[in-house]
Amino acid sequence: MILQRLVEHGRTRSDLPLAYHRVRAVQWLATVDTNSGNPVVTITDLRPAKGEKRREVNAPYVGRSGVKAPAYLAVDKAEYVLALGAPGRASTARETEKAARAHAAYRELLNEWTEAEPHDETAQLVAAAAAQFSTVDVPADMKPTDVVAVVIDDTWAHEAPTAAAFWTRTAEARASGQTAESGHGVCLVCGEAKQLVGVLVTTVKGGPTGIPSTGKTGDNRFITNNEPAFARNGGSQLTNTPICGACGDLSATTVNALLADREHSLKGPDWALVWWTREPVTDALLGGLDDPEPGEVASLLGRLNKPTAATAATVDTNAFFAATLAVNAGRIIVRDWLDVSLPVVQDNLARWFADHQTFDPWTGQTVAHPLWRLTLAGARYDRRGGRYVEQTTPHNLRMGLLHAALHGTPPPASLLPVFLQRVRGDQHMDGYRLALLRLLLTRTPHLEGTALPQLNTEAIDPGYLCGRAFALFEDIQRTALPNVNATVSARFRGTAMTSPGTVFPGLWNNAGNHLKRIGGGLAEIKEARLRDILGLLDDVPAFLTMAQQARFLLGFEHQRAADIAARRAASAAKAAREAADAPTAA
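These numbers come from a predicted model, not from an experiment. (Residues numbered from 1 in each chain as written. Predicted model: local features only at pLDDT ≥ 70, side-chain atom pairs only at ≥ 80, totals over all residues. Heavy atoms only, no water.)

With the rule as written, the count across this model stands at eleven aromatic pairs. Ring plane angle 75° and centroid distance 5.0 Å describe the contact between Y381 and Y388, whose orientation is recorded as edge-to-face. Note on Y381: relative accessible area 15%, which makes it buried. Members of the aromatic cluster, connected to one another through ring pairs, are Y61, Y72 and W167. The cationic tip of R64 hangs over the ring face of Y80; the distance from NZ or CZ to the ring centre is 4.2 Å. (Phe/Tyr/Trp six-rings, centres within 6.5 Å; stacked < 30°, edge-to-face > 60°. Buried < 20%, exposed > 50% of the residue type's maximum accessible area, 1.4 Å probe, protein only. Lys NZ or Arg CZ within 6 Å of the ring centre and 35° of its normal.)

And the structure:
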């Protein structure tokens, strides 16, 4: 199914490399001048200076491995093109032997090209000039792994008229000839009767530009059964998965193009998600998760309150596809696969923003937060440095939150206890952690209460009420002692959110002293508010469950935000009255 959808998408794209090709960065150029009769070979350095772009070409490429790994046509490593054994020093006997074997394979492929295409002048010239490649003087800083391209009289050898067709035949022959089981049959991807391949030679990139991995990076394949134990009936490789060469190449090439497109991929430390649609769309979709634009978020949220009639005129037939991929030992692991209609994903994204957005008391706006910020909010907060320690982010949290956004499911079940432990440990709460907390409460079915974006005066569950009361204890303290160093929250929040019954009596006594210090009508108002909230409790709980601890934090932050917004509104109203009462200039 995944390969079918990738091939369908690949056929609609015009930006893919040629068959069995890959965009490669070229460090060196071997230029052959044949105007003097005898070919003259010169080496040119194409490595970019700092700040410049690399020189890239659409070059022949397939996956290769082993001691006798085959060569690529025209563009290859210096070890193959120039028989370079070691950089800037004398090669050992083993290095020399390896380089000689690689160079022989390179020249053999060129000779096969000339035999297959005797009328291609470029093919004839490059094959003849290759006899000098192993004797040319190379720069001391050239490495055997550096990529070298060949130019014959201003013509790139791999762009010769017959090069692409010959390389396609060569690559398919390698793919079909690696196992005895390959032959003619029906391809599972395209459904056509074609020559089947024994192994997928076109590979998917690893590393930062491909699928990230914490281990060794390199080329990876969707299907690889290199031992009979991995397949049915003792077969190997693609015996049980008949695929033609064109579909195998196009599926991997399409994944590489999606991985290189930041608008169609999201990545973690050891995984990558790629997405596409059956028909082009102008919306950012997943791109808006890491950088939500207020206008796009508002448009998505509008979908939740705008039901449409299920008629043929309103049904959206566009489809959305997303694959979360990881790698292990050269094999691609499909961690998640989504194949749904586009409106389903749009609705899920709308609910994602609706379920985590929070109220900002300083602007009076409801704010949606980037996915990467919510992920980072699960890490430990360094109060001295004033930042989250990224290395302490729970493993695969970003992937879990992304899955929740796309599928409309709860966040990882392990997140809540880790989150509460972080808050008790580093005593830090901000808008990002509040959004993550609200997402947890909104999407976890067994957690009590409704997690609104801002203060819910109708909520009467013990955890939420205790959090609100705790915020009022701190507000009374700050009003009485504006320059206090150790606030109520800094000293008692860790205990109050787990065992409020042990600290609330002492906080009540301290609040009485602070109210005396404040005095007047303001003290009466603050005391009345505190009594109203505590009066809704049958009794202050001796301890709170994990779900109630989360509600405690939510109530605490909501009450603080509501108080800040009320003070700002009062200040603005006072300034407006004073401006209205001020005498105007004559």
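We are not done yet, so read on.
Take the environment of V62 next. By secondary structure assignment, the location of V62 is in the loop between β4 (56–60) and β5 (76–77). On the basis of relative accessible area, V62 is assigned to the buried category, the value being 2%. Distance from V62 to A19, taken between C-alpha atoms, is 9.8 Å for residues 43 residues apart in sequence. Apart from the residues within four sequence positions on either side, V62 is in contact with Y20, Y72, W167, A171, R174 and V201. (Helix = DSSP H or I, 4+ residues; strand = E, 2+ residues; numbered from the N terminus. Contact = heavy atoms within 4.5 Å.)

The next point concerns helix α17 (residues 520–535). Helix length check: α17 (16 residues) gives 23 Å between terminal C-alpha atoms against 22 Å at 1.5 Å per residue, within 8%. Listing the buried residues of α17 in full gives A523, K526, L530, I533 and L534. The buried residues of α17 occupy one face: seen down the axis, they fall within an arc of 100°. What points out from α17, more than 90 degrees from its buried face, is the exposed set E524, I525, D532 and G535. Elements in contact with the buried residues of α17: α14 (462–480), α16 (500–518) and α18 (546–581). (Expected span 1.5 Å × (residues − 1). Arc of directions from axis to C-beta.)

What follows is about the environment of Y61. As for its placement among the helices and strands, Y61 is situated in the loop between β4 and β5. In this structure Y61 touches Y20, H21, R22, R24, Y72, W167, T203 and D219, once residues within four positions along its chain are discounted. In this structure the side chain of Y61 is engaged in a polar contact, spanning 2.6 Å, whose partner is the side chain of D219. (Polar contact = N/O pair within 3.5 Å; in protein donor to acceptor, adjacent residues only side chain to side chain.)

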